[in-house]
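Chain and residue survey
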Amino acid sequence: MKPLRTAQDLAINGALPAFEQPLHVGRPNMGSREAFIKHVSDIFERRWLSNNGPMVQELEQRVADLHGVKHCVAMCNGTVALEIAIRALGLEGEVIVPSYTFIATAHALHWQAITPVFADIDPHTHNLDPAAVRRMITPRTTGIIGVHLWGRGAPVDELQMIADEHGLKLMFDAAHAFGCSYKGKMIGNFGSCEVLSFHATKFFNTFEGGAVVTNDDALAEAMRLMRNFGFSGFDRVIHPGTNGKMIEVAAAMGLVNLKDIESVIAVNRHNHEAYHKGLSGIPGISLLTYDDAEHNNYQYVVMEVGDKCPVSRDWIIEALHAENILARKYFWPGCHNMQPYRELYPHAGLLLPNTQHVADRIVVLPTGTTMDTEIVHSVTSVISVLINDRL
Ligand code: T4K
């Protein structure tokens, strides 16, 4: 192989522009500063900072309306929302999850002494493979958590069928899927409930935050109690609980950011198209696509490095980082290869060939409102030149 030549070397030869600004993956999408400051000023006036304040309630109503779902229960982050949903559903024993997801999906189970059992994914969709889920069912299985990875719907119908056949609970980690739909129906309406993340790096953020959305009245009521220590009034605790509350200032950020979601989608979509154009024709490189017939937030630009590419995924990541292009290996190396699961289930990988294959080949590229077509073009030019230089 030829020695690594960085894009800076190539720039010296006039093949590329030199980068001075660092480019980041997932810079937060932020709405109007003035509108946020006005909200914060109102919070100061009211002196109502937490404990189901008016802004949290307004945000819940708006998020529920947007997803066409009866209840939105806002929480301090997506991980606590997962933990509370898992507990409210009464999951125990073993629960089937993908390994190809952010570690929080598995940790939310392990944290509550529930065994995450990792099922393989479909290598094309990156979502759970229903046949693999079937293979992992044991007498101890109580539920399935599907993940709508990259905001693209998991195989909801097949998973629901499996859950019904085996008397299992089904819920979804919809951390990536704010504002997305599956087969024309908004995310939030599938399984017993679905969990959203409003983390800073997500399509829609409240600094930190999350929510469970559901059409189940009793489940929503239980989760409202559980996020507030089980309090049903002064001095009255009627349920086990924790502190999962969203604070007012987070909800204020959410209300501001909600105003911008259409324009953020437009930017993300534009960036995605620019990436698609810029990367087409590079040997071994392909981009995961979104079905434009669905509602998508286009928040993830997922590039796959195939066998025809002359360099490895890790080489590309290293070369991009050398250019301050902060591409990421999400979700390498798969949850089953992280602790404590690596030690607890050292042979799990034997049943996860597609997870292993995909995790070794994915590069997630920077997008969002701090990027534009010109910057995307610079990134794709770097990728093109770096790879073509190795041919
Ligand atoms: N389920 C799934 C499928 C998930 O993906 C996640 C979270 C969850 C559940 C749990 O939801 P939360 O409990 O987080 O609500 C991020 C996020 O921390 C995490 O929320 C997210 N998934 C995961 C996929 O990614 P990193 O490792 O990307 O964060 P970090 O700090 O490296 O930031 C990425 C880039 O963004 C950096 O280049 C810097 C930039 N950045 C970041 C922050 C936080 C900023 O410019 N400003 C900022 O404030 O984890």
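The sections below set out a description of the structure shown in this document. (Residues numbered from 1 in each chain as written. Predicted model: local features only at pLDDT ≥ 70, side-chain atom pairs only at ≥ 80, totals over all residues. Heavy atoms only, no water.)

Things to note about the sheet that holds strand 12 (residues 285-287)
The strands making up a sheet associate through hydrogen bonds between their backbones, and the pairing can be parallel or antiparallel. For clarity, the threshold we go by: A pair of strands is treated as paired once DSSP finds two or more bridges between them. For helices the rule is a DSSP run of H or I covering at least 4 residues; for strands it is a run of E covering at least 2, with both sets numbered from the N terminus onward. Between N-to-C directions, angles cover 0 to 180 degrees, with each direction set by a line fitted to C-alpha atoms, over the stretch in contact for helices. Residue contacts are defined here by distance: any two heavy atoms, one from each residue, within 4.5 Å place the two residues in contact.
Taken in spatial order, the three strands line up as 12-13-14 in an open sheet, and their pairing is antiparallel. Bordering the open sheet on either side are strand 12 and strand 14 (362-365), each of which pairs with just one other strand. In this sheet, neighbouring strand axes are inclined to one another by 30 degrees on average, regardless of whether the strands run parallel or antiparallel. In the sheet, strand 12 pairs with strand 13 (residues 301-305) via three bridges, with the strands oriented antiparallel. From the neighbouring strand, Ile285 faces strand 13, where its bridge partner is Val305. Here helix 10 (residues 261-279) sits on the sheet and contacts strand 12, strand 13 and strand 14; the angle it forms with strand 12, its principal contact strand, is near 160 degrees.

Let's talk about the site of the ligand
To keep it simple, the criterion reads: Residues are classed as near a molecule or strand on a simple rule: at least one heavy atom within 4 Å of it. Definition of a polar contact: a pair of N or O atoms within 3.5 Å, with one able to donate and the other able to accept a hydrogen when the atoms are protein atoms, and with sequence-neighbouring residues admitted only if both atoms are side-chain atoms. Surface accessibility follows the Shrake-Rupley procedure with a 1.4 Å probe radius. Residue values consider only the protein chains on display as shielding.
Around the ligand there are 25 residues in total, and Arg27, Thr79, Asp173, Lys202 and Tyr330 lie nearest to it. Tyr330 places a polar side-chain atom, nitrogen or oxygen, 2.4 Å from an oxygen atom of the ligand. Contact with the protein chains removes 75% of the 930 Å² of surface that the ligand exposes when unbound. Looking at the shell around the ligand, the elements that each hand over two or more residues are helix 4 (78-88) and helix 5 (103-110).

Quick look at unusual backbone geometry
Counted only if it meets this: Categorising residues by exposure relies on relative accessible area from a 1.4 Å probe, with only protein chains included: less than 20% of the type maximum marks a residue as buried, more than 50% marks it as exposed, and the intermediate range marks it as partly exposed.
The residue after Tyr330, namely Phe331, is reached through a cis peptide bond having omega -5 degrees. Within the secondary structure, Phe331 sits in the loop between helix 11 (313-322) and helix 12 (341-344). Of note, the bond from Gln339 into Pro340 is cis; its omega dihedral lies within 30 degrees of zero at 5 degrees. Structurally, Pro340 can be placed in the loop between helix 11 and helix 12. With a phi angle near 55 degrees, Asn51 is a residue other than glycine that sits in the positive phi range. Note on placement: Asn51 falls in the loop between helix 2 (33-46) and helix 3 (54-67). Residue Asn51 is classed as partly exposed on the basis of its relative accessible area of 42%. A positive phi is found at Asp235, a non-glycine position, where the angle reads about 60 degrees. Secondary-structure assignment places Asp235 in the loop between strand 10 (231-233) and strand 11 (236-237).

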